[in-house]
Amino acid sequence: MEYIQSALHNSSWLSLLATGTALGVAALAVAMGLLSLFGASKNHMPVNGRTVLLTGASEGMGRSAGVQLAAKGANVIIVSRNVGRLEEALAEVQAAAKSPSTQRFHYISADVAEPDYAARVIAEALAWNGGAAPDIVWCVAGMSTPMLWAEDGAVAAARRNMDVNFFGAADMSAAILREWLAPENSSSPRAEPKHLVFTASVLALFAIVGYAPYTPSKWALRGLADTLAMELHLYPDNPVRVHVVYPATIVSPGLARENRTKPDITLELEKDDPPETPDTVARRAIAGLEAGQYFVAVSLLGKLMQAGIMGGSPRNNWVFDTVLGWFMPIVYFFVLKVMNGQVLGWARKYGHPSTYPKKE
Ligand SMILES: NC(=O)C1=CN([C@@H]2O[C@H](COP(=O)(O)OP(=O)(O)OC[C@H]3O[C@@H](n4cnc5c(N)ncnc54)[C@H](OP(=O)(O)O)[C@@H]3O)[C@@H](O)[C@H]2O)C=CC1
Ligand SMILES: CCCCCCCCCCCCCCCC(=O)[C@@H](N)CO
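As recorded in an unreviewed UniProt entry, the chain goes by the name 3-dehydrosphinganine reductase, listed as coming from Podospora appendiculata. UniProt, in the comment section headed Function (unreviewed entry), describes the chain in these words: "Catalyzes the reduction of 3'-oxosphinganine (3-ketodihydrosphingosine/KDS) to sphinganine (dihydrosphingosine/DHS), the second step of de novo sphingolipid biosynthesis." The annotation that UniProt attaches to the chain under Subcellular location (unreviewed entry) is "Endoplasmic reticulum membrane".

Student: Is there a simple way to explain the site of ligand 2 in this structure?
Tutor: What surrounds ligand 2 is a group of 20 residues, the closest being S201, Y211, Y214, T249 and E258. Between ligand 2 and S201, the relevant distance is 2.7 Å, taken from an oxygen atom to a side-chain nitrogen or oxygen of the residue. Contact between ligand 2 and Y214: an oxygen atom at 2.8 Å from a side-chain N or O atom of the residue. Residue assignment for the shell around ligand 2 shows that the elements contributing at least two residues are α8 (253-259), α9 (264-270), α11 (300-307) and α12 (318-350). The element that contributes the greatest number of residues to the shell around ligand 2 is α12, accounting for four residues. Partitioning the shell around ligand 2 into residue classes produces 14 nonpolar, three polar and three charged. Counting contributing residues, the shell around ligand 2 receives three or more from each of domain 1 (1-40 + 327-360) and domain 2 (43-316).

Student: Please explain the nonpolar core as it appears in this structure.
Tutor: Note on soluble globular proteins: their nonpolar side chains tend to be buried together. Residues L53, M172, L196 and F198 are the most contacted members of the largest nonpolar core, which totals 61 residues. Per-element accounting of this core gives the leading share, nine residues, to helix α6 (residues 154-180). Summarising the domain contributions, this core has at least three residues from each of domain 1 (1-40 + 327-360) and domain 2 (43-316). Those residues in contact with L53 that lie beyond four places of it in its chain are I77, V79, V121, I122, A125, P134, I136, V137, W138 and M172. Core analysis: the next-biggest nonpolar cluster, separate from the first, contains 31 residues, A65, I78, L86 and L289 among them.

Student: How do you make sense of the sheet that holds strand β7 (residues 295-297) when you look at a structure like this?
Tutor: Across a sheet, paired strands are connected by hydrogen bonds in the backbone, their directions being either parallel or antiparallel. With respect to topology, seven strands assemble into an open sheet ordered β3-β2-β1-β4-β5-β6-β7, the strand pairing being parallel. With one partner strand each, in any of the chains shown, β3 (105-109) and β7 form the two edges of the open sheet. Direction aside, the axes of adjacent strands within the sheet are offset by 15 degrees on average. Pairing between strand β1 (residues 51-55) and strand β4 (residues 136-139): four bridges, direction parallel. Each residue of the ladder has a partner; that of L53, found in β4, is V137. Each of β2 (75-80) and β3 is contacted by helix α4 (residues 83-95), which is oriented at about 165 degrees to β3, the strand it contacts most.

Student: What should I look at first to understand the pairing of β3 in this one?
Tutor: Pairing of β2 with β3 involves five bridges; the strand directions are parallel. Across the sheet, V76 pairs through a bridge with F105, a residue of β3. In this fold, β2 hands off to α4, which returns the chain to β3; that crossover is right-handed.

Student: Even after reading the chapter, I still don't get the site of ligand 1, so can you show me in this structure?
Tutor: Taken together, 32 residues lie near ligand 1, and S58, M61, R81, V140 and S252 sit nearest. One of the side-chain nitrogen or oxygen atoms of Y214 is found 3.4 Å away from an oxygen atom of ligand 1. The protein chains hide 95% of the 890 Å² of surface that ligand 1 would expose on its own. If you list the elements that add at least two residues to the shell around ligand 1, you get α3 (60-71), α6 and α8. It is α8 that contributes the most residues to the shell around ligand 1, four residues altogether. When the residues that make up the shell around ligand 1 are grouped by side-chain class, the tally is 14 nonpolar, 11 polar and seven charged.

Student: Help me understand the domain arrangement of the chain in this model?
Tutor: One frequently used descriptor of interface size is the decrease in accessible area upon assembly of the parts. Its domain assignment divides the chain into domain 1 (1-40 + 327-360) and domain 2 (43-316). Listed per partner, the contact involves 12 residues of domain 1 and 17 residues of domain 2. Overall, the association of domain 1 and domain 2 removes approximately 1300 Å² of surface from exposure, summing both partners, and the carbon and sulfur fraction of that is 71%. The tally of links from domain 1 across to domain 2 stands at one salt bridge. Our count for the domain 1 to domain 2 interface comes out at two residue pairs in polar contact (both at pLDDT 80 or more). Its residues assigned to classes, the side of domain 1 that touches domain 2 comprises nine nonpolar, one polar and two charged.

Student: Sorry, what's going on with the pattern of salt bridges here?
Tutor: Opposite charge on two side chains allows them to pair when their charged atoms are near. Within the structure shown, the criterion is met by 11 salt bridges. The residue R85 makes a salt bridge to E59 at a minimum N-O spacing of 3.1 Å. Here R85, found in helix α4, pairs with E59, found in the loop between β1 and α3; they are 26 residues apart in sequence, far enough to count as distant. One salt bridge connects D264 with K359, and the closest N-O pair in it is separated by 2.8 Å. Of this pair, D264 sits in helix α9 while K359 is found in the segment after α12, placing the two residues 95 residues apart along the sequence. Exposure remark for K359: the relative accessible area of 33% places this residue in the partly exposed category.

Rules used in this analysis
Residues numbered from 1 in each chain as written. Chains lettered and ligands numbered in written order. Predicted model: local features only at pLDDT ≥ 70, side-chain atom pairs only at ≥ 80, totals over all residues. Heavy atoms only, no water. UniProt positions renumbered as here; feature names shortened; annotations may be inferred. Near = heavy atom within 4 Å. Polar contact = N/O pair within 3.5 Å; in protein donor to acceptor, adjacent residues only side chain to side chain. Helix = DSSP H or I, 4+ residues; strand = E, 2+ residues; numbered from the N terminus. Nonpolar A, V, L, I, M, F, W, Y, C, P; charged D, E, K, R; others polar. Domains from an automatic or database assignment. Core = buried A, V, L, I, M, F, W, Y, C linked by side-chain atoms within 4.5 Å. Buried < 20%, exposed > 50% of the residue type's maximum accessible area, 1.4 Å probe, protein only. Contact = heavy atoms within 4.5 Å. Pairing = 2+ DSSP bridges. Axes fitted to C-alpha atoms, helices over the stretch in contact; angles between N-to-C directions. Right-handed = clockwise from strand over helix to strand, strands pointing away. Areas by Shrake-Rupley, 256 points an atom, 1.4 Å probe, with all protein chains shown as cover. Buried area = accessible area lost by both parts, 1.4 Å probe. Salt bridge = Lys/Arg side-chain N within 4 Å of Asp/Glu carboxyl O.

Put into structure tokens, the structure is as follows:
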């Protein structure tokens with residue numbers, strides 16, 4: 001109490017100091033932003049001539065990413081369950097190749113929810129690639145079954161979401177890291193790094209009603225990625241970078257599926273989030289990876305949400321992330337008031353959730 005009083009007493013110099021610091025930091029942030037716009041931006045994830053393995057790339061954002069990476073000269077392996085859709089998607093990826101005569105393309109059918117699926121997938125990828133591991137592995141496969149947590153089957157749905165979204169990526173990351181980090185694959189700290197990319201969701205930065213079976217699986221990915229970001233320093237001669245992509249609403253076949261069972265209150269709350277096409281989301285995600293970002297938000301809302309939840313995670317840019325982070329408690333003060341108000345209003349208007357009309 002005393003220090004607050006004395007601070008108030010000396011408020012003229014204190015506010016001068018505070019204003020000065022704030023202005024200084026803001027100016028620095030603007031300068032750094034401009035520098036990153038105009039500066040010679042190095043491509044931190046070159047793909048030309050390298051091999052990329054994508055899970056969940058037969059539809060939606062994964063498929064768009066496969067097409068775009070092929071157009072940048074990558075060899076592409078796509079993984080998902082349905083062979084018919086894999087064949088169609090692979091033809092599309094192949095058609096986008098930058099140099100069709102040298103680039104190679106392959107699909108592997110696998111269910112990422114099956115324990116230990118990834119060892120087989122990586123073995124098959126190595127065999128196809130003359131013994132060389134893929135340079136970039138991007139786990140995109142995911143699913144979502146939104147429902148209210150007190151509904152029958154919500155916990156079973158959460159287990160399934162966890163198996164696909166979390167363990168599907170966890171198992172793949174362990175399998176590829178065992179390969180990349182093996183002592184016989186050590187090179188030098190200056191070697192072009194390998195990249196391990198997880199796909200979360202903005203819901204792992206800000207949770208909303210109706211996504212309880214799904215959101216925890218995406219938060220779990222962030223916990224794994226933060227751990228790996230530190231753990232990978234144990235292997236300076238096997239450089240690997242880890243990344244997490246945080247998409248918001250993607251207009252994909254998956255979105256159409258989840259919307260069939262999504263609670264109406266969830267549809268209502270998320271309608272303020274501008275939906276993006278899979279192509280746009282993939283393009284922004286790849287741009288973030290090329291810029292060397294650890295957390296890759298692909299929308300303005302996502303960037304704000306990311307700045308609001310950095311905690312002990314590695315930063316893309318300490319100054320920018322910190323300054324933006326200072327504003328977020330003020331933003332959330334209002335956002336939470338408005339959103340909880342909407343939910344309370346919903347309860348008043350439509351009564352107890354047990355009376356809601358049944359979804360399919
Ligand atoms: N759509 C959205 O609004 C958002 C999505 N996300 C996340 O982004 C990623 C891409 O989403 P989106 O573009 O909607 O993708 P889609 O749901 O449209 O496509 C999902 C892809 O993953 C594959 N897949 C699903 N389950 C499995 C499984 N068990 N084993 C192997 N492959 C599987 C599917 O192929 P197949 O069925 O043949 O196996 C398909 O290729 C996902 O991780 C999703 O959770 C994040 C934020 C928002
Ligand atoms: C700075 C804070 C501002 C807060 C405003 C919040 C507005 C609501 C945004 C909710 C967006 C939900 C996207 C869901 C994506 C997803 O992962 C699912 N479709 C699952 O596939």
